[in-house]
Every structure is written in C-alpha cells, then in structure tokens.
Amino acid sequence: MAGIFFTYLYVRFGLLATVLMHFASNAILFALHKSQRVGLVDLSILAYSGFIAVVSYQLMTKPVGDVLVWFNLEPQFSLPGFGIM
C-alpha cells in the first residue's frame with residue numbers, strides 16, 4: 001500500500017515530496033516503536049539520517065547528466081599530469 005501511495009505522490013508532486021514523505025513516515029514508525037531511553041546509538045542513527053537527507057537534497061538539485069559521468073567507463077575529463085598509459 002505504501003508503494004502505491006508513494007508512486008501517486010511522485011507522479012503528482014515530484015521526487016522531493018516523495019522523499020520527504022518517506023522520511024516522515026519512517027520517523028513516525030520509529031518513534032512509535034521507541035520504548036527505551038535515547039542512547040549513543042540512537043543519536044548516531046539520527047546524525048547519519050540527517051547527513052543522508054542533506055546529501056540526497058544536494059544531489060536532487062543537480063541535473064542527472066552531472067551524475068552520469070561517474071558511471072561512464074570512458075573518462076570524460078582529465079587532470080593535468082594524469083592520463084591513461
């Protein structure tokens with residue numbers, strides 16, 4: 001059911017809204033499951049999730065063509081002094 005909802009959200013509002021809703025739904029589910037005190041592991045998971053959210057947002061603002069260079073087998077650019085021998 002969640003997949004159908006997220007698909008509708010993506011088609012209607014775009015990727016950013018879908019990612020934010022997925023993040024919010026996970027936060028609610030984890031908060032409901034919480035039955036202990038907050039510890040170091042919980043804070044590290046929170047910090048990691050925040051880092052991933054920031055990186056994901058930064059990648060979403062870039063055109064897809066900028067990221068495709070990472071997956072190309074032939075180099076598209078070269079640095080001075082470095083080359084294929």
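Placed above this text is the structure.
In this text, all values refer to a predicted model and were calculated from it rather than measured experimentally.

J.: Would you mind showing me how to read the overall build of the protein chain here?
T.: Each helix and strand in the protein chain was counted, giving four helices and zero strands. Along the chain direction, N to C, the helices and strands of the protein chain fall in the order α-α-α-α. Buried residues in the protein chain amount to 5% of all 85 residues. With the model as given, the accessible surface of the protein chain reaches about 8000 Å², and the carbon-plus-sulfur share is 72%.

J.: Is there a simple way to think about the environment of threonine 18 in this case?
T.: Note that threonine 18 resides in helix H2 (residues 15-33). The class of threonine 18 is buried, set by a relative accessible area of 12%. Sequence separation between threonine 18 and phenylalanine 5 is 13 residues, and the spatial gap between their C-alpha atoms is 9.3 Å. What threonine 18 contacts, discounting residues up to four positions off in sequence, is Phe6, Leu9 and Tyr10. Here tyrosine 10 takes part through its backbone nitrogen, which lies 3.2 Å from a polar atom of the side chain of threonine 18.

J.: Honestly, helix H1 (residues 2-13) in this entry has me stumped. Any pointers?
T.: Since there are 3.6 residues in each turn of an α-helix, residues three or four apart along the chain are aligned in direction. Between its terminal C-alpha atoms H1 stretches 16 Å, which fits the 16 Å expected from twelve residues at 1.5 Å a residue. Where H1 ends, the next residue or the one after it, glycine 14, has phi of about 105°, a positive value.

J.: It is not clear to me how the packing of aromatic side chains should be interpreted in this structure. Could you clarify?
T.: Two numbers describe a pair of aromatic rings. These are the distance of the centres and the angle of the planes. Enumeration over the complete set of coordinates arrives at one aromatic pair. Measuring from centroid to centroid gives 5.8 Å for phenylalanine 5 and phenylalanine 6, while their planes differ by 50°, and the two rings are tilted.

J.: Got a minute to help me understand a nonpolar patch on the surface in this structure?
T.: Among the surface-exposed residues, Tyr10, Val11, Leu15 and Val19 lie close enough to one another that they form a single nonpolar patch of about 380 Å² accessible area. Position of valine 19 among the secondary structure elements: in helix H2.

Each value, and the rule that gives it
- Residues numbered from 1 in each chain as written.
- Predicted model: local features only at pLDDT ≥ 70, side-chain atom pairs only at ≥ 80, totals over all residues.
- Heavy atoms only, no water.
- Helix = DSSP H or I, 4+ residues; strand = E, 2+ residues; numbered from the N terminus.
- Buried < 20%, exposed > 50% of the residue type's maximum accessible area, 1.4 Å probe, protein only.
- Areas by Shrake-Rupley, 256 points an atom, 1.4 Å probe, with all protein chains shown as cover.
- Contact = heavy atoms within 4.5 Å.
- Polar contact = N/O pair within 3.5 Å; in protein donor to acceptor, adjacent residues only side chain to side chain.
- Expected span 1.5 Å × (residues − 1).
- Phe/Tyr/Trp six-rings, centres within 6.5 Å; stacked < 30°, edge-to-face > 60°.
- Patch = residues over 30% accessible without salt bridge, like charges linked within 9 Å, V, L, I, M, F, W, Y side chains within 5 Å.
- Salt bridge = Lys/Arg side-chain N within 4 Å of Asp/Glu carboxyl O.

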